[in-house]
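Below, each chain spelled out in residue letters.
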Amino acid sequence: MKTLSYGRQWINEDDINEVVKVLKGDWLTMGPKVEEFEKSLADYAGVKHAVTFSSGTAALHGAMHASGMTQGDFAVTTAMTFVATSNTVIYTGATPIFADIDPDTLCMSPENAEHSIKSHGGHAKAIIPVSFGGYPFDIKPFRELAEKYNAVLIEDASHSWGGDRGNHKIGFDADMTTLSFHPVKHITTSEGGAVLTNNDEYAHKLKMFRNHGITRNEAEFEDLPDGLWHSEMQELGYNYRLSEMACALGLSQMKRLDDFVKRRREIAEIYISQLSGIDGLVLPPSKNGHAWHLFIARVKEELHGQFFMFLRDNNIRLQVHYRPVPLQPYYRHKYGYKQGDFPEAEKYYRQAVSLPIFPLMEDEDAFRVCECIKKFFMGINS
Ligand SMILES: *Cc1c(COP(=O)(O)O)cnc(C)c1O
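As a starting point, this report considers the structure included with it. (Residues numbered from 1 in each chain as written. Predicted model: local features only at pLDDT ≥ 70, side-chain atom pairs only at ≥ 80, totals over all residues. Heavy atoms only, no water.)

### Things to note about the overall build of the chain
Part 1 of the reasoning: Tallying secondary structure elements over the chain gives 13 helices and 14 strands in all.
Part 2 of the reasoning: At 22 Å, the chain has a C-alpha radius of gyration in line with the 21 Å of a compact globule built from 382 residues.
Part 3 of the reasoning: In terms of its C-alpha atoms, the chain occupies a principal-axis envelope of roughly 80 × 55 × 40 Å.
Part 4 of the reasoning: Going through the 382 residues of the chain one by one, you find that 56% of them count as buried.
Part 5 of the reasoning: Of the contacts formed within the chain by residues at least 6 apart in sequence, a portion of 71% connects residues at least 24 apart.
Part 6 of the reasoning: For the chain, the computed accessible surface area is about 16,900 Å², with 50% contributed by carbon and sulfur atoms.
Part 7 of the reasoning: Looking at charge distribution, the chain has the averaged site of its 40 positive side-chain charges lying 5 Å from that of its 50 negative ones. (Helix = DSSP H or I, 4+ residues; strand = E, 2+ residues; numbered from the N terminus. Rg over C-alpha atoms; globule rule 2.2 N^0.38 Å. Buried < 20%, exposed > 50% of the residue type's maximum accessible area, 1.4 Å probe, protein only. Contact = heavy atoms within 4.5 Å. Areas by Shrake-Rupley, 256 points an atom, 1.4 Å probe, with all protein chains shown as cover. Lys, Arg positive; Asp, Glu negative; His and termini not counted. Charge placed at Lys NZ, Arg CZ, Asp CG, Glu CD.)

### Details of the pattern of salt bridges
Pairing is possible between side chains that carry opposite charge, provided their charged atoms lie close to one another.
Part 1 of the reasoning: The tally for this structure, following the rule as stated, stands at 22 salt bridges.
Part 2 of the reasoning: A salt bridge links D173 to R165, with the nearest nitrogen and oxygen atoms 3.2 Å apart.
Part 3 of the reasoning: D173 gets classed as buried once you look at its relative accessible area, which sits at 14%.
Part 4 of the reasoning: We classify R165 as buried; its relative accessible area is 14%.
Part 5 of the reasoning: Here R263 makes a salt bridge to D363, at a shortest N to O gap of 2.8 Å. In this pair, R263 sits in helix α9 (residues 257-275) while D363 sits in helix α13 (residues 363-381), placing the two residues 100 residues apart along the sequence.
Part 6 of the reasoning: D363 gets classed as partly exposed once you look at its relative accessible area, which sits at 37%.
Part 7 of the reasoning: Linked by salt bridges that have partners in common, K262, R263, E266 and D363 make up one network. (Salt bridge = Lys/Arg side-chain N within 4 Å of Asp/Glu carboxyl O.)

### Overview of the sheet that holds strand β4 (residues 126-128)
Part 1 of the reasoning: Taken in spatial order, the seven strands of this open sheet run β1-β9-β8-β5-β4-β2-β3, and their pairing is mixed. Of all the strands in the sheet, just β1 (49-53) and β3 (95-99) have a single pairing partner and so form its edges. Sheet twist, expressed as the mean angle between neighbouring strand axes with direction ignored, is 20 degrees.
Part 2 of the reasoning: Bridge analysis of β1 against strand β9 (residues 193-197) gives five bridges, and the strand direction is antiparallel. Considered in β9, the bridge of V51 is made with V195. (Pairing = 2+ DSSP bridges. Axes fitted to C-alpha atoms, helices over the stretch in contact; angles between N-to-C directions.)

### Focus on a nonpolar patch on the surface
Part 1 of the reasoning: Residues I11, I16, V20, L23 and L28 make up a contiguous nonpolar surface patch of about 390 Å² in total accessible area.
Part 2 of the reasoning: Looking at the secondary structure, you find I11 in the segment before α1 (13-23).
Part 3 of the reasoning: Among the residues examined, I11 registers a relative accessible area of 36% and is labelled partly exposed. (Patch = residues over 30% accessible without salt bridge, like charges linked within 9 Å, V, L, I, M, F, W, Y side chains within 5 Å.)

### Considerations on α13
Part 1 of the reasoning: Between its first and last C-alpha atoms α13 spans 27 Å; for 19 residues at 1.5 Å apiece the expected length is 27 Å, and the two agree.
Part 2 of the reasoning: Of all the positions in α13, only D365, A366, R368, V369, C370, C372, I373, F376 and F377 are classed as buried.
Part 3 of the reasoning: The inward-facing, buried residues of α13 abut α9, β12 (281-282), β13 (295-299), α10 (304-313) and β14 (352-355). (Expected span 1.5 Å × (residues − 1).)

### Points about unusual backbone geometry
Part 1 of the reasoning: Here H321 and Y322 are connected by a cis peptide whose omega angle stands at -5 degrees.
Part 2 of the reasoning: Along the chain, Y322 falls in the loop between α10 and α11 (329-335).
Part 3 of the reasoning: Phi is positive for W292, close to 50 degrees, though the residue is something other than glycine.
Part 4 of the reasoning: When you line up the elements, W292 lands in the loop between β12 and β13.
Part 5 of the reasoning: Looking at W292, the relative accessible area reads 4%, which means it is buried.

### Side note on the packing of α10 against α13
Part 1 of the reasoning: The interhelical angle for the contact between α10 and α13, taken along N-to-C directions, is 135 degrees, at an axis separation of 10 Å. Regarding the angle of α10 to α13, the classification is oblique. In terms of crossing hand, the pair formed by α10 and α13 is right-handed. Counting all contacts with α10, which are made through Q306, F307, F310 and L311, the residues of α13 involved are V369, C372, I373, K375, F376, F377 and I380.
Part 2 of the reasoning: Split into classes, the residues belonging to the contact of α10 with α13 amount to nine nonpolar, one polar and one charged. (Parallel < 35°, antiparallel > 145°, perpendicular 65-115°, else oblique. Left-handed = near helix turned anticlockwise from the far one by under 90°. Nonpolar A, V, L, I, M, F, W, Y, C, P; charged D, E, K, R; others polar.)

### Describing the layout of surface pockets
In this approach a probe as big as a water molecule rolls over the atoms, and the regions it shows empty are the leftover space.
Part 1 of the reasoning: Here the largest pocket defines a volume of roughly 420 Å³.
Part 2 of the reasoning: If you trace the largest pocket, you find 16 residues lining it, with M30, E35, K207, R210 and N211 closest to the centre.
Part 3 of the reasoning: Secondary-structure elements contributing two or more residues to the lining of the largest pocket are α2 (32-45), α7 (200-209) and β10 (214-215).
Part 4 of the reasoning: When residues in the lining of the largest pocket are grouped by element, the largest group, four residues, is from α2.
Part 5 of the reasoning: Together, 23 residues line the second largest pocket, and F82, S180, H182, K185 and Y322 are the ones closest to its centre.
Part 6 of the reasoning: Taken together, the elements giving at least two residues each to the lining of the second largest pocket come down to α3 (56-66) and α4 (84-91).
Part 7 of the reasoning: Counted by class, the lining of the second largest pocket contains seven nonpolar, 13 polar and three charged residues. (1 Å grid on protein atoms, 1.4 Å probe; cavity = no way out; pocket = protein on both sides within 12 Å on 5 of 7 lines; lining within 4 Å. Points joined across faces, edges and corners; volume = space filled by probe spheres on them.)

Scope: geometric values only; no functional claims are made or implied.
Shown next, in the form of structure tokens:
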């Protein structure tokens, strides 16, 4: 029986050929594939700019920097996300503050976000919701919060690339939207990420930031050029560039993004139709435009470990996304968070299991997962 993990990449011959072509060519970094890939990302989301980065984490760091975030600032994000969302706030010297989730969407609750901002003096440089699991949360209350508190709205869309909010693709609605191209995400470049934006100034800052803060654009020079070779480092940046091989792979993967999302939706449909009505199993919130990065079921706390083990013994590798970030030891020690501070996120964490969902899965793989779950509950409920 093959082992099913919760997610994995799908690389085909076209992808391989595109990478090999780059390896045989002139540019291994900073060449034409970077721009082509960026154009493909921006066009897909219907925005002016996409700036690629060496990882989704680097992309988040870039977005935090471009927002102007610095020491003394606060930025609010959800307690239920991958640690990178708030770690990158800390990278800038600012302090992340957290809001509990809305249990109906598993995404940050706008009311809790506002409460968290108010209890930190009413100041937030950025508001950073996460379209958790691929769920396209309602953007409007966050837009209103961003206006009210003069904050930059940054969507961490690492889970939702290819999803939509009706007539807008994910990537369109926030001031900046960050993507990850890690192998479990919707498209992959092995490691990689990007920031999408309509704002020219943010795009400029993002490009400087990923290349040491160096510009070669004459129009931006502060000093009189020393010669044709002149370039200037104007602020502190990093080497966060994405290679030509990675961009060629991403460009090739973009051709299949819609198919990937469609396939994820089909798998989710199988789970929903097969698993609804099981006593003791709660299915994830569903919505049009959902990109289904994760399919998160919830089981009673007292069965959580047992359920996890039962599926593992049947070669089904579940995951739990995620331990609430402020309760990680680093955050507890640094900021003094404790058990009970984020009751909804904590309750969700004690119940959550991510079932396998990825485009390469066959229908029969999904049915096997469902049979196994039914068998588990037959044993429990009898
Ligand atoms: C994957 C992920 C990231 C980080 O992406 P990397 O490409 O692994 O650096 C950030 N936020 C969320 C919510 C993610 O799932």
